[in-house]
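Below are the chains, spelled out letter by letter.
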Amino acid sequence: LSCDGYSDLWDDFFNLRDKFWPDCPFKWYVVTETKDYNRAGVEVIKCGKELNWAGRFRKAVKTVESKYIGIFLEDYFIKSKINTQRVCEYLSFMVSDDVQFLNMDDSFHHIDGLPNKVYYKENLIIIPKHLRYGLDTAAAIWNSDYLLERLGEDDYSAWRFEKDRCDEALSEEGYKGLILCDELHTFNVSSIPVVIQGVFYPGAKRYNEKKCGYKILSQRKTMGMWAVFKYRLKVYCSRAKHGRRFMK
């Protein structure tokens with residue numbers, strides 16, 4: 001799930017996918033506005049400039065016509081080998097138990113870090129129906145009908161989707177359906193942010209070279225030290241008691 005402005009990351013994303021998921025049996029798509037991308041086994045879904053994030057996402061889901069859809073964002077680079085057998089077993093389980101959403105990499109650890117976790121089965125945590133940020137599109141498998149219902153008919157930004165899901169969590173009913181989180185983080189996306197505010201996070205480049213054995217090709221600008229300091233301060237304060245209010 002991407003856009004024209006992030007097309008410089010596509011080669012890096014798919015190079016890492018080829019490195020760490022060479023036996024992937026599934027079809028792949030790039031969702032964007034107008035740009036072409038020539039890569040074997042990858043189909044481009046062009047949504048045009050007139051659609052916002054939700055409109056592009058909705059069009060892509062309807063174009064793919066699959067009951068279940070795995071979502072990656074272009075700057076969530078895969079960092080280690082993906083277990084194809086486990087992914088296939090999860091898909092079969094989602095069908096048999098009517099699972100609507102399976103988080104495949106809890107990037108911010110706000111689900112697998114919960115106290116008193118409740119398990120649906122081994123390694124699969126039940127996401128509490130009233131947990132803010134319990135649903136996201138970073139690295140997950142969705143039931144496509146459930147996803148379309150969450151997207152609705154309006155066209156809006158990714159931030160609005162995030163806010164709407166938080167509102168859904170805080171409603172009396174909370175999230176609908178059976179929604180789970182894989183504590184094994186089977187999609188293995190990088191826990192270090194890759195792009196922040198449109199520029200590379202310096203630690204991401206070092207991590208990919210040292211830990212993944214891969215040198216990033218994109219020539220996107222890298223965040224300066226002052227910006228890194230402000231980002232780290234913001235993250236630290238957001239996790240502290242009353243931190244969000246203080247930062248505001």
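Heads up: the structure comes first, above all this text.
Below, the structure is looked at part by part. Remember, predicted model here, so these are calculated numbers, not experimental data.

Another aspect to go through is the environment of Asn 52. Topologically, Asn 52 is positioned in the loop between β2 (42-46) and α2 (53-64). Spatially, the C-alpha atoms of Asn 52 and Leu 178 are 29 Å apart, while their sequence positions differ by 126 residues. Residues in contact with Asn 52, not counting those within four places in the same chain, are Asp 155, Tyr 156 and Ser 157.

Moving on, we come to the packing of aromatic side chains. Summed over the entire model, instances satisfying the criterion amount to 19 aromatic pairs. Measuring from ring centre to ring centre gives 6.1 Å for Trp 21 and Phe 26, while their planes differ by 65°; the resulting arrangement is edge-to-face. According to the relative accessible area criterion, Trp 21 is buried, its value standing at 4%. In textbook terms, an aromatic cluster arises when at least three aromatic residues are bridged by ring pairs, as seen for Trp 10, Phe 13, Phe 14, Trp 21, Phe 26, Trp 28, Tyr 37, Phe 72 and Phe 187. Residue placement shows Arg 160 over the ring face of Tyr 156; its charged tip is 4.4 Å from the ring centre. When the ring centre of Tyr 6 is taken as reference, the NZ or CZ atom of Arg 220 above it lies at 4.4 Å.

This brings us to the side chain of Asp 12. Along the chain, the position of Asp 12 falls in helix α1 (residues 10-20). Of the polar contacts made by the side chain of Asp 12, one reaches the backbone nitrogen of Ser 218; its length is 3.0 Å. Once you skip the residues sitting within four places of it in the chain, Asp 12 turns out to touch Phe 77, Tyr 214, Lys 215, Ile 216, Leu 217 and Ser 218.

The contact between α2 and helix α4 (residues 144-151) brings their axes to 10 Å, and the two run at 155°. In terms of their interaxial angle, α2 and α4 are classed as roughly antiparallel. Between α2 and α4 lies a crossing whose hand is left-handed. Residues Trp 53, Phe 57, Arg 58, Val 61 and Lys 62 of α2 form the contact with α4, whose own contacting residues are Ser 144, Leu 147, Leu 148 and Leu 151. Considered class by class, the residues forming the contact of α2 with α4 number six nonpolar, one polar and two charged.

Conventions adopted
Residues numbered from 1 in each chain as written. Predicted model: local features only at pLDDT ≥ 70, side-chain atom pairs only at ≥ 80, totals over all residues. Heavy atoms only, no water. Helix = DSSP H or I, 4+ residues; strand = E, 2+ residues; numbered from the N terminus. Contact = heavy atoms within 4.5 Å. Phe/Tyr/Trp six-rings, centres within 6.5 Å; stacked < 30°, edge-to-face > 60°. Buried < 20%, exposed > 50% of the residue type's maximum accessible area, 1.4 Å probe, protein only. Lys NZ or Arg CZ within 6 Å of the ring centre and 35° of its normal. Polar contact = N/O pair within 3.5 Å; in protein donor to acceptor, adjacent residues only side chain to side chain. Axes fitted to C-alpha atoms, helices over the stretch in contact; angles between N-to-C directions. Parallel < 35°, antiparallel > 145°, perpendicular 65-115°, else oblique. Left-handed = near helix turned anticlockwise from the far one by under 90°. Nonpolar A, V, L, I, M, F, W, Y, C, P; charged D, E, K, R; others polar.

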